[in-house]
Amino acid sequence: MVNGDVEKRLWAAADQLWANTDLKPAEFSAPVLGLIFLRYAEKKYAIAEEKLGPVGAGGRRKISKADYQAEGVIFLPDNARFSYLLSLTEEDNIGKAINEAMKAIEDENPDLKGALPLNYTRLDNWVLIALLKQIGPVDLSGDAFGKVYEYFLGNFAIKEGQKGGVFYTPESIVKLIVEILEPYHGRIYDPACGSGGMFVHSADFVSRHQKTAMNEISIFGTEKDQTTVNLNKMNLAVHGLSGDVRVANTYYEDPHNAVDKLGGRFDFVMANPPFNVSGVDKERLEGDPRFSLGMPTNDNANYIWIQMFYNSLSERGRAGFVMANSAGDARGSELVIRQKLIESGAVDVIVSVGPNFFYTVTLPCTLWFFDRAKSETERGHKVLFIDARHIYNQVDRAHRDWLPEQIEFLANIVRLCRGEAIELEQGSESLLAEKGLSKGYANVPGLCKVATREEIEAQGWSLNPGRYVGAAARETEDVDFMERLEELSEELEVLNMEARELENAISINVMEIISA
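Computed from a predicted structure; not experimentally measured. Numbering of residues starts from 1 in every chain and runs along the sequence as written. The predicted nature of this model means local features are confined to residues of pLDDT at least 70 and side-chain atom pairs, given and counted, to a pLDDT of 80 or more, with totals for whole chains, interfaces and linings taken over all residues. Each side-chain value is worked out from all heavy atoms of the structure, with water and hydrogens disregarded.

**Student:** Run through the environment of G380, naming residues and quoting values.
**Tutor:** Runs of H or I in DSSP of at least four residues are treated as helices and runs of E of at least two as strands, each being numbered from the N terminus. Counting through the fold element by element, G380 comes out in the loop between β9 (365-371) and β10 (382-387). For the pair G380 and T452, spaced 72 residues apart in sequence, the C-alpha to C-alpha distance is 9.2 Å. In contact with G380, not counting residues within four places along its chain, are G345, K374, S375 and R453. By definition in these notes, contact holds between two residues if any of their heavy atoms fall within 4.5 Å.

**Student:** Could you give an account of the confidence of the model for the chain, naming the residues involved and the relevant values?
**Tutor:** pLDDT runs from 0 to 100 and stands for how confident the predictor is about each residue. Per-residue pLDDT for the chain has a mean of 86; in total, 86% of the residues score no lower than 70. Element-level pLDDT for the chain is lowest in helix α7 (residues 144-159), with a mean of 55, against a maximum mean of 98 in β10. Within the model, pLDDT remains below 50 along residues 141-146, and this stretch shows nine contacts once partners closer than five positions in the same chain are excluded. Every residue in residues 161-165 is under pLDDT 50, and counting partners more than four places away or in other chains gives five contacts.

**Student:** Can you break down the nonpolar core residue by residue, with the values?
**Tutor:** In terms of nonpolar packing, the biggest core is built from 51 residues, with I386 and W402 touching the most fellow members. Each residue touching W402, except ones within four places of it in the same chain, is listed here: S172, I173, L176, V353, F357, A388, I391, Y392, I407 and L410. The next biggest cluster of nonpolar side chains, apart from the first, holds 45 residues, and it includes L10, I98, A237 and V238. Only buried residues count toward a nonpolar core, which is a set of Ala, Val, Leu, Ile, Met, Phe, Trp, Tyr and Cys residues joined through side-chain atoms within 4.5 Å. Accessibility here uses a 1.4 Å probe with only protein chains present; expressed as a share of the type maximum, an area under 20% marks a residue as buried, one over 50% as exposed, and anything in between as partly exposed.

**Student:** Quick one: what's the story with the environment of N325, residue by residue and with numbers?
**Tutor:** On the secondary structure map, N325 appears in the loop between β7 (313-324) and α13 (333-343). For the pair N325 and F275, spaced 50 residues apart in sequence, the C-alpha separation works out to 9.5 Å.

**Student:** Break down the packing of helix α8 (residues 171-181) against helix α14 (residues 404-418) for me, citing the residues and quoting the values.
**Tutor:** A pair of packed helices can be characterised by two numbers: the angle between their axes and the separation between those axes. Whenever a helix is involved, its axis is fitted only over the stretch in contact; in every case the axis is a line through C-alpha atoms, and angles between N-to-C directions fall within 0 to 180 degrees. Where α8 contacts α14, the two axes come as close as 9 Å, and the packing angle between them is 20 degrees. The orientation of α8 with respect to α14, classified from their angle, is roughly parallel. For the pair α8 and α14, the crossing hand works out as right-handed. On α14, the residues touching S172, K175, L176, E179 and I180 of α8 are I407, L410, A411, V414, R415 and R418. Split by residue class, the contact of α8 with α14 holds six nonpolar, one polar and four charged. Roughly parallel covers angles under 35 degrees, roughly antiparallel covers those over 145, roughly perpendicular covers 65 to 115, and oblique covers all other angles. Each crossing gets its hand from how the near helix is turned against the far one by less than a right angle, where anticlockwise is left-handed and clockwise is right-handed. Each residue gets one of three labels, nonpolar for Ala, Val, Leu, Ile, Met, Phe, Trp, Tyr, Cys and Pro, charged for Asp, Glu, Lys and Arg, and polar for the others, Gly among them.

**Student:** Describe the pattern of salt bridges, with residues and values.
**Tutor:** A pairing counts as a salt bridge when a side-chain nitrogen of Lys or Arg comes within 4 Å of a carboxyl oxygen of Asp or Glu. Within the structure shown, the criterion is met by 25 salt bridges. Between E182 and R318 there is a salt bridge whose closest N-O contact spans 3.1 Å. Here E182 is found in the loop between α8 and β1 (186-190), whereas its partner R318 is found in strand β7, with 136 residues between them in sequence. Take E182: its relative accessible area is 9%, and that puts it in the buried class.

**Student:** Account for the sheet that holds strand β13 (residues 448-452), naming residues and giving values.
**Tutor:** Pairing is mixed across the open sheet formed by nine strands, whose spatial order is β3-β2-β1-β6-β7-β9-β8-β10-β13. For this open sheet the edge positions go to β3 (244-247) and β13, each flanked by a neighbour on one side alone. Here the strands of the sheet are splayed against their neighbours by 15 degrees on average, with no regard to which way each runs. Two strands form a pair only when DSSP identifies at least two bridges running between them. Two strands pair when backbone bridges link them, and β7 and β9 are joined in this way by seven bridges, in the antiparallel orientation. Bridge assignment links A324 to a residue of β9, and that residue is C365. Here α8 sits on the sheet in contact with β6 (266-271), β7, β8 (347-353) and β9, set at roughly 155 degrees to β7. In the packing of helix α12 (residues 302-311) onto the sheet, contacts are made with β6, β7 and β9, and the angle to β7 comes to roughly 155 degrees.

Quick look at the structure:
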């Protein structure tokens, strides 16, 4: 695991630009992350070079660029090595040299064409030298630099405020989604793919189960911002992955033909879409097969996204995504759509997540999981609810995540419910024993409950785990004020939404009576 000193050194590199240029974070994040990309690419290239030997080495069969690519690394010409750039002096044109390094990589690696930053000549020589020196001495082993790369994205999310959340989803959230979906083989789609964390962790899941990711999974994504798509391509490339990631406004465009009249084409859909978006032009969505369950009447895109995920799935496909808490209890037209989803038998698992997991917002969220094949099983009329709000690791005063054993524990609850073998490599055995789950699945008050369709109907088709799981017995009351305030705020938002819908319905009914 990366230690705090390394993290601070990398963040200090970003502060060089923050303090010594007139660039805003939205402008300098691309060049800084570009250098992080170069540093990590060289790290992986050096490992491959030690194994294979330099290009041109060997007997009758010479080592070539293709041998490096077969190892899942980006081929680096000599002038594109981070170590070469670090050796340059103040007499050299550093910005030009970095631009040429990026261009050389794009020429050798077509997947990265147009994705790498080429604006380094905007920065003074001395700033670039300081930046290279900050990053250069960092010596990491294994995949630790990949962890820093993702950590660095997260810190830009903090620095850039709300806009940062556009491209970064916390690692522990992504890992749990992947562990529950189990994307061993097939086509993976993320229609709000950001920096590509869902793809990278899916590939890691495949690798941990002794298979080669690029032989098992195909990657498809859309994102409306070109800069974010570029980050995505860089992230895929340094992990030895490639995919079809396109710039598109997913509300109105379906460049991958995710859904047609015959149904969806993807085996797995995973996403962290923007919550509670208003202003979507619903007239442009009429007749789109992605929204076959009906158009929500209120000005909120949550159920536009939810339908998109559901309809993009093949007959046996699975989906996992992050959603606003309020979506689980939304009324009116959204309730009608939710009821249809529940009655389809595809709603598989719902997980409540506490506040402070995201870098830019403190509100709690909910993870939804669909399984189109579940309707054919004895679990077809049931949904597993998990309340994970009390499970977390306190990173600092304002941020939380899950430890590896906590992620494994939550995923094991789902595996037990499905009748699958559990995994214990991360040390979740003691947590399972503590909750009485060592010998198999059981409903645990305050933690998990399998609810039948009849029970869900009795709760007004709610998908709020708190309505089913109940409360665990506690010896003392231990309530975090801010956490409770966030929960009450969410409840108030739901009640206000219901009140507006009721007011609208009453107004319509009165007008009908008057005009009769």
